[in-house]
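Remarks on the overall topology
Okay, here's what each chain looks like letter by letter:
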Amino acid sequence: MTDLLQPHASEREAERRAREWLGKLDQQSAVGKRHHIVPRFLLARFASADGKLRVRSRRDGKASTRSISDLAVRDFYTAVTDSSGLDSSLESLLSTVEGGTAEILRQHLDFGAFVKPRAFTLQERATLDAFVAMQAVRGMRIRRSIEVIADYTVKLLNQDKITEEDIRDRDFVPHPNEHLKMFGNLAQRAEETLKGRSTSLIHLDKPLLIIGDEPVLIEAEQHESVNGSKSKPNLTSENFVRLEGGRGFANAEVIMLPVGPAVLLVYGPRGRRNLPAEVHLAGVEAQSFAEELNRLMTSSAIDWVAARPDHPSFESLKVPPPQPLLTVRDYGSSAAARLNSTPARRPIRRLRHEDILEVAESEQT
């Protein structure tokens, strides 16, 4: 892990380490396995001693008790390749970064009675930055957004060849490989933004935080309006496409990730240095802080949010109905109308059983 994420390495040295790591990797080791979009080690921090979570659906708000393994998706990070058939290298990379992050959190959160609070080291920050960046782009939101953009583009460019009914009722969906191909570039851009921010751990006096399938939360910067008051950016200009609730790291005021039911990892505003290593909130202040974070978590989630089974207010938490992932402003096309009215949902196209069969058959022949 240290060799792969070395903060002092030059670009050439980093590439050498990456090639060396890939050379030793079994690219089929995780094929056919269930992949956790939110890592198992992180979910375990919110679960009961026997590994149970109380889970609520984003679609209808219904609650159920589920195990950590129930929140995995089979082959979500497995690519279909020409050379080796099925490739699970990305899952292996994610597991490597997750292992390093889990150890960092143990050092900072689980041994508090024996260790004084301290800032993250450069090596720890390199690992945390990689983890948070990857977590921000690895989930259902990005993959579903890729599907939505592809569907809109196909319909817009071929509206003279397809019917209004097809535009309204049919989905044109790219292969999951498209998400995996973009993963490295998206994660690298997010990581570069994180490197320029200071971090802090916010501790609550009670386990009040929840987690969801899109756990990296962004508080957007506010902009001055004409009258001097704070307002959200204008999103109504023509020819504008925006990913709602999402990946605008560069323009974020703060970037947050709950790393336990009572602890939040925060990346502060750009240019603000020397944030305190730890901040402690208690009483009404902690309660109000948690309520705001939990509302943001439910709004960000695509499929589910989860909490400790004994969370005091999870059952009564308001779960808003899903909203469209993207807003398109064009000349008023039917394709835009369909996109703008389609609520967020799980990706339609994941690696299918027939994909695996097709590769197996080609290898036999």
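Presented here is a report on the structure given in the accompanying data block. From a predicted model like this one, the values you see are computed outputs, not experimental measurements. Within each chain, residue numbers correspond to sequence positions counted from 1 in written order. The predicted nature of this model means local features are confined to residues of pLDDT at least 70 and side-chain atom pairs, given and counted, to a pLDDT of 80 or more, with totals for whole chains, interfaces and linings taken over all residues. Side-chain measures here rest on the full set of heavy atoms in the structure, leaving out hydrogens and waters.

With that settled, consider the overall build of the protein. Across its full length, the protein holds 10 helices and 17 strands. Only protein chains enter the accessibility calculation, which uses a 1.4 Å probe. A residue is then buried if its area is under 20% of the maximum for its type, exposed if over 50%, and partly exposed in between. Here the protein holds 365 residues, and 47% of them are scored as buried. In the protein, 80% of the contacts between residues at least 6 apart in sequence involve partners at least 24 apart. Working note: accessible area of the protein is about 18,600 Å², and carbon and sulfur atoms make up 51% of it. Helical segments are the DSSP runs of H or I of at least four residues, strand segments are the runs of E of at least two, and each set is numbered from the N terminus. What makes two residues a contact is simply this: any of their non-hydrogen atoms within 4.5 Å. To be clear on the numbers: accessible area is Shrake-Rupley with a 1.4 Å probe, and residue cover counts the displayed protein chains and nothing else.

We now examine the pairing of strand E2 (residues 52–57). The criterion for strand pairing is that DSSP finds at least two bridges linking the strands in question. Here five bridges tie E2 to strand E3 (residues 63–67), and the two strands are oriented antiparallel to one another. Paired with Arg54 across the bridge in E3 is Thr65. When E2 meets strand E16 (residues 304–307), the two strands line up antiparallel, connected through four bridges. Along E16, the bridge assignment pairs Arg56 with Val305.

What follows concerns helix H4 (residues 122–137). Expected span of a helix, by definition, is 1.5 Å for each gap between consecutive residues, and there is one gap fewer than residues. Over its 16 residues, H4 runs 23 Å from end to end, which matches the ideal 22 Å to within 8%, given 1.5 Å per residue. Within H4, 14 of the 16 residues are buried, which leaves the element mostly enclosed by the surrounding structure.

Helical periodicity: at 3.6 residues per turn, an α-helix aligns residues three or four positions apart in one direction. Taking 1.5 Å per residue, 19 residues should reach 27 Å; helix H7 (residues 177–195) reaches 28 Å between its end C-alpha atoms and fits that length. When the local axis directions of H7 are compared, the greatest deviation, roughly 40 degrees, occurs at Phe183. Restricting attention to buried positions, one finds in H7 the residues Asn177, His179, Leu180, Phe183, Leu186, Ala187, Ala190, Glu191, Thr193 and Leu194. A residue's bend is simply the angle between two axes: one fitted to the seven residues ending at it, one to the seven starting at it.

Right, let's get into the packing of helix H5 (residues 140–157) against H7. Geometry is summarised by axes, namely lines fitted to C-alpha atoms with helices restricted to the contacting stretch, and by angles between N-to-C directions that run from 0 to 180 degrees. Contact geometry for H5 and H7: axes closest at 10 Å, N-to-C directions at 120 degrees. When the axis of H5 is compared with that of H7, the two are oblique. Considering only the axes of H5 and H7, their crossing is right-handed. Taken together, the residues of H7 that come into contact with H5 (itself represented by Ile142, Arg143 and Ile146) are Glu178, His179, Leu180, Met182 and Leu186. Counted by class, the contact of H5 with H7 contains five nonpolar, one polar and two charged residues. For classification purposes, an angle smaller than 35 degrees is called roughly parallel, one larger than 145 roughly antiparallel, one from 65 to 115 roughly perpendicular, and anything else oblique. In a left-handed crossing the near helix is turned counterclockwise from the far helix by less than a right angle, and in a right-handed crossing that turn is clockwise. Polar here means any residue other than Ala, Val, Leu, Ile, Met, Phe, Trp, Tyr, Cys and Pro, which are nonpolar, and Asp, Glu, Lys and Arg, which are charged; Gly is therefore polar.

Where helix H3 (residues 89–110) contacts H4, the axes come no closer than 9 Å and their chain directions differ by 125 degrees. When the axis of H3 is compared with that of H4, the two are oblique. The two elements H3 and H4 meet at a crossing, and its hand is left-handed. Two secondary-structure elements touch here, H3 through Leu93, Leu94, Val97, Glu98, Gly100, Thr101, Ile104 and His108 and H4 through Glu124, Thr127, Leu128, Ala130, Phe131 and Met134. Across the contact of H3 with H4, the residue classes break down as eight nonpolar, four polar and two charged.

Ordered by their spatial adjacency, four strands build an open sheet running E3-E2-E16-E8, and the pairing between neighbours is antiparallel. Across the chains shown, the open sheet's two edge strands, defined by having one partner strand only, are E3 and strand E8 (211–212). Sheet topology note: the E8/E16 ladder contains two bridges and is antiparallel. If you follow Gly212 over to E16, its bridge partner there is Val305.

Okay, the sheet that holds strand E14 (residues 263–267) next. Strand order in the open sheet made by the five strands is E9-E13-E14-E7-E15, with mixed pairing throughout. Two strands bound the open sheet, and with one partner strand each, they are strand E9 (217–220) and strand E15 (278–281). Shown here is a sheet whose adjacent strand axes are inclined to one another by a mean of 25 degrees, direction ignored. In the packing of H4 onto the sheet, the strands contacted are strand E7 (199–204), strand E13 (252–260) and E14, and the crossing angle to E14 comes to about 95 degrees. The strands that helix H8 (residues 283–300) touches are E7, E9, E13, E14 and E15; relative to E9, the one it contacts most, it runs at about 105 degrees.

Attention now goes to the side chain of Arg141. For Arg141, the position within the fold is in helix H5. We count Lys and Arg on the positive side and Asp and Glu on the negative side, and we leave His and both chain ends out. By definition, a salt bridge exists where a carboxyl oxygen of Asp or Glu is found within 4 Å of a side-chain nitrogen of Lys or Arg. For the buried Arg141, no salt bridge is present, and the opposite-charge side chain at shortest range is Glu214, 4.7 Å distant. Among the polar contacts listed, one links the side chain of Arg141 to the backbone oxygen of Ser300, at a separation of 2.5 Å. Contacts described as polar in this section are N or O atom pairs within 3.5 Å, which, within protein, must combine one atom able to donate a hydrogen with one able to accept it, while residues neighboring in sequence count only if both atoms come from side chains.

So, on to the environment of His203. Considering the arrangement of structural elements, one finds His203 in strand E7. We classify His203 as buried; its relative accessible area is 13%. Spatially, the C-alpha atoms of His203 and Leu264 are 6.7 Å apart, while their sequence positions differ by 61 residues. The contacts of His203, once residues within four sequence positions are left out, are Leu109, Ala262, Val263, Glu278, Val279, His280 and Leu281. At a separation of 3.5 Å, a polar atom in the side chain of His203 contacts the side chain of Glu278.

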